[in-house]
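Residues per chain are reported as follows:
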Amino acid sequence: MLTQTTGKWHGAVVALICGSLILLVSLGIRHAFGLFLQPVTMDQGWGRETFAFAIALQNLVWGFSQPFAGMLSDRFGARPVVASGALLYGLGLWVMSQVAGEVVFIFGAGVLIGLGLSGTTFPVIFGAISRLVAPQQRSFAMGITMSVGSFGQFAMLPISLGLITGLEWQSALIVLSILAILMFPLAFGIRSASPSTFFAEEDVSFTQALRDAFGLRDFWLLSLGFFVCGFQVVFIAVHLPAFLMDKGVGDGVAMTVLALIGLVNIAGTYYAGLWGGRHSKPMLLTWIYLGRAAVISAFVLLPITSTTAYIFGALMGLFWLSTIPLTNGVVASVWGTKHMSMLGGIVFFGHQLGSFAGGWMGGWLYDRTGSYDIAWGFTIALSLIAAVLNWPITERTLAQRRTQA
């Protein structure tokens, strides 16, 4: 039983609004990086693998640092973590804009922004919000927050393309760096929950929480399934614009497709969060991955035109980030919220390993084969594997598992 109600929304609403806006900016800018691939590489005379490696490293650094950012957030609150992440994010974008060679570009895009993302995205934000709302409201609250984050993708893509077209890519990155810094004041709207809002059975140590998680098969299945999500999202976000250009479809279409994914995903994440409070989250995850497999297969097998690209964007948007509130909801349901940011960060590390593989492998395969065909094949096969991995996961709490053991 809760010792104190978590349904007092006077603080939770402010945190929900500020957290949603932080995700809007953070994820919106992140999803626009694919628009910079061609102008940066053509202007600098680099192969696509250089840019792809920078974004892949970004995701790897993000994933590796996320459990530590989550641990700090669980212990000291989300405010200092988000504020620090905003500053690193802005600095990384500025470093990218300084044409100082491949190493400096990779450091800014890969290391600094990777660290910045670990403090300004959903593991930290969801952990903070989940501790401020009642258990039955968590999935819904995360769905709303992720929906606003999806709107960031829809909004930032045309803005970024307009900046690249009107100001050139270096100046566009400087403008985005200023926008990233605006997340700093929003961090102070996320208050910490008092320890009395935790369930009694959640009063476990850091090391015990790790043992409880690593000792369960479901934790590993959830992490492996999230690997697939990362692979697909980053591969598509980074390489879709270049893929469509190779097929004779202009970059304006690619921007519209990515924006359409973000727009439709507003509904996708909202309903994922809503349905996650009513139905089995692992079952919903299974259907999402099967849906991705079907949509990607149809897209690459049919002739590539602007019309099929738009249809792909609309359908893919239904499944794009819908996995996030459901995956984090499973973590909260099974392992509780006291160490949620840290445990969610570990699961997210699996996502980011996939992101690294999807971002880098797409460029590596293209540079060696002159085609994205093999990479698209990987995305389809991995969807089917993820569907199988999520199916046997259950949402029984640790207390229920111990009782039934």
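Residues numbered from 1 in each chain as written. Predicted model: local features only at pLDDT ≥ 70, side-chain atom pairs only at ≥ 80, totals over all residues. Heavy atoms only, no water.

## Notes on the overall build of the protein chain
Then step 1. Helix and strand content of the protein chain: 17 helices and zero strands.
Then step 2. Taken over C-alpha atoms, the radius of gyration comes to 20 Å for the protein chain, in line with the 22 Å a tight globule of 405 residues would show.
Then step 3. If one aligns the C-alpha atoms of the protein chain with their principal axes, the spans along those axes are about 60 × 40 × 30 Å.
Then step 4. Looking at the protein chain as a whole, 60% of its 405 residues are labelled buried.
Then step 5. In the structure as shown, the protein chain presents an accessible area of about 14900 Å², 71% of it carried by carbon and sulfur atoms. (Helix = DSSP H or I, 4+ residues; strand = E, 2+ residues; numbered from the N terminus. Rg over C-alpha atoms; globule rule 2.2 N^0.38 Å. Buried < 20%, exposed > 50% of the residue type's maximum accessible area, 1.4 Å probe, protein only. Areas by Shrake-Rupley, 256 points an atom, 1.4 Å probe, with all protein chains shown as cover.)

## A few points about the packing of helix H10 (residues 217–246) against helix H14 (residues 323–335)
Then step 1. The interhelical angle for the contact between H10 and H14, taken along N-to-C directions, is 170 degrees, at an axis separation of 11 Å. Looking at the two axes, H10 sits roughly antiparallel to H14. The hand of the H10/H14 crossing is left-handed. Taking contact as the criterion, the partners of Asp218, Phe219, Leu222, Phe226 and Cys229 in H10 are, on H14, Thr323, Ile324, Thr327, Val330, Val331 and Trp335. (Axes fitted to C-alpha atoms, helices over the stretch in contact; angles between N-to-C directions. Parallel < 35°, antiparallel > 145°, perpendicular 65-115°, else oblique. Left-handed = near helix turned anticlockwise from the far one by under 90°. Contact = heavy atoms within 4.5 Å.)

## Remarks on the packing of aromatic side chains
Then step 1. Under the defined criterion, the tally for this structure stands at 18 aromatic pairs.
Then step 2. A centroid spacing of 4.9 Å and a plane angle of 55 degrees characterise the contact between Trp62 and Phe348, whose relative ring orientation is tilted. With a gap of 286 residues between them, Trp62 in helix H3 (residues 48–76) and Phe348 in helix H15 (residues 340–369) connect regions that are remote in the sequence. Pair check on accessibility: Trp62 and Phe348 agree, each one buried.
Then step 3. Here a set of aromatic residues connected by ring pairs shows up, and it is made of Phe235, Phe243, Phe299, Phe312, Tyr366, Tyr372 and Trp376. (Phe/Tyr/Trp six-rings, centres within 6.5 Å; stacked < 30°, edge-to-face > 60°.)

## Comments concerning the environment of Phe184
Then step 1. With respect to the helices and strands, the residue Phe184 is situated in helix H8 (residues 183–186).
Then step 2. Discounting chain neighbours no more than four positions away, the residues touching Phe184 are Ala83, Ala86 and Leu87.

## Quick notes on the nonpolar core
Then step 1. Leu93, Leu240 and Leu244 are the most contacted members of the largest nonpolar core, which has 131 residues in total.
Then step 2. It is H10 that contributes the most residues to this core, 17 residues altogether.
Then step 3. Setting aside its immediate chain neighbours within four residues, Leu240 contacts Phe235, Val257, Leu258, Phe299, Phe312 and Trp376. (Core = buried A, V, L, I, M, F, W, Y, C linked by side-chain atoms within 4.5 Å.)

## Let's talk about helix H2 (residues 37–44)
Then step 1. Taken together, the buried positions of H2 are occupied by Leu37, Gln38, Val40 and Thr41.
Then step 2. At its buried positions, H2 is contacted by H3, helix H5 (102–120), helix H7 (138–181) and H10.
Then step 3. Positive phi appears at Gly45, one or two residues downstream of H2, with a value of about 75 degrees.

## Let's talk about the confidence of the model for the protein chain
Then step 1. Looking at the protein chain, the pLDDT average stands at 83 and 91% of residues meet or exceed 70.
Then step 2. Mean pLDDT in the protein chain bottoms out at helix H17 (residues 398–404), which sits at 68, and peaks at helix H12 (residues 281–301), which reaches 93.
Then step 3. Taken as a whole, residues 1–9 scores under 50 in pLDDT and shows 17 contacts with residues more than four places along the chain or in a different chain.
Then step 4. Taken together, the stretch residues 195–201 has pLDDT below 50 and engages in twelve contacts with residues farther than four places along the chain or on a different chain. (pLDDT = per-residue confidence, 0-100.)

## Description of the packing of H15 against helix H16 (residues 373–390)
Then step 1. Between H15 and H16, whose axes approach to 8 Å, the crossing angle comes to 145 degrees. Within the contact between the two elements, H15 uses Met361, Leu365 and Thr369 and H16 uses Ile374, Ala375 and Phe378.
Then step 2. In terms of residue class, the contact of H15 with H16 is made up of five nonpolar, one polar and no charged. (Nonpolar A, V, L, I, M, F, W, Y, C, P; charged D, E, K, R; others polar.)

## Points about H16
Then step 1. The terminal C-alpha atoms of H16, which comprises 18 residues, lie 27 Å apart, in line with the 26 Å expected from a rise of 1.5 Å per residue.
Then step 2. Of all the positions in H16, only Ala375, Trp376, Thr379, Ile380, Leu382, Ser383, Ala386, Ala387, Leu389 and Asn390 are classed as buried. (Expected span 1.5 Å × (residues − 1).)

## A closer look at unusual backbone geometry
Then step 1. Even without being glycine, Glu168 reaches a positive phi, approximately 75 degrees.
Then step 2. Along the chain, Glu168 falls in helix H7.

## Observations concerning the pattern of salt bridges
Then step 1. The full count for this structure, using the stated rule, is one salt bridge.
Then step 2. Between Arg217 and Asp218 there is a salt bridge, and its shortest N-O distance comes to 2.9 Å.
Then step 3. Assessed through its relative accessible area of 3%, Asp218 is described here as buried. (Salt bridge = Lys/Arg side-chain N within 4 Å of Asp/Glu carboxyl O.)

## Examining the environment of Ile236
Then step 1. Along the chain, the position of Ile236 falls in helix H10.
Then step 2. Exposure remark for Ile236: the relative accessible area of 0% places this residue in the buried category.
Then step 3. Taking the C-alpha atoms as reference, Ile236 lies 9.1 Å from Trp376; in sequence the two are 140 residues apart.
Then step 4. Among all residues touching Ile236, those that are not within four sequence positions of it are Pro241, Leu258, Ile296, Phe312, Met316, Trp320 and Trp376.

## Some details on a nonpolar patch on the surface
Then step 1. On the surface, a cluster of nonpolar side chains totalling about 530 Å² of accessible area is made up of Met283, Trp287, Leu290, Leu384 and Trp391.
Then step 2. Counting residues per element, the nonpolar patch draws most heavily on H12, which supplies three residues.
Then step 3. Tracing the sequence through the fold places Trp287 in helix H12. (Patch = residues over 30% accessible without salt bridge, like charges linked within 9 Å, V, L, I, M, F, W, Y side chains within 5 Å.)

## Side note on the side chain of Thr379
Then step 1. Structurally, Thr379 can be placed in helix H16.
Then step 2. With relative accessibility at 0%, the residue Thr379 sits in the buried group.
Then step 3. Excluding residues within four positions of it along the chain, Thr379 makes contact with Phe231, Gln232, Phe235 and Ile296.

## So, the environment of Ser177
Then step 1. Tracing the backbone shows Ser177 in helix H7.
Then step 2. Residues Ser177 and Phe214, 37 residues apart in the sequence, show an inter-C-alpha distance of 38 Å.
Then step 3. Leave out the neighbours within four places in its chain, and Ser177 touches Gly90, Leu93 and Trp94.

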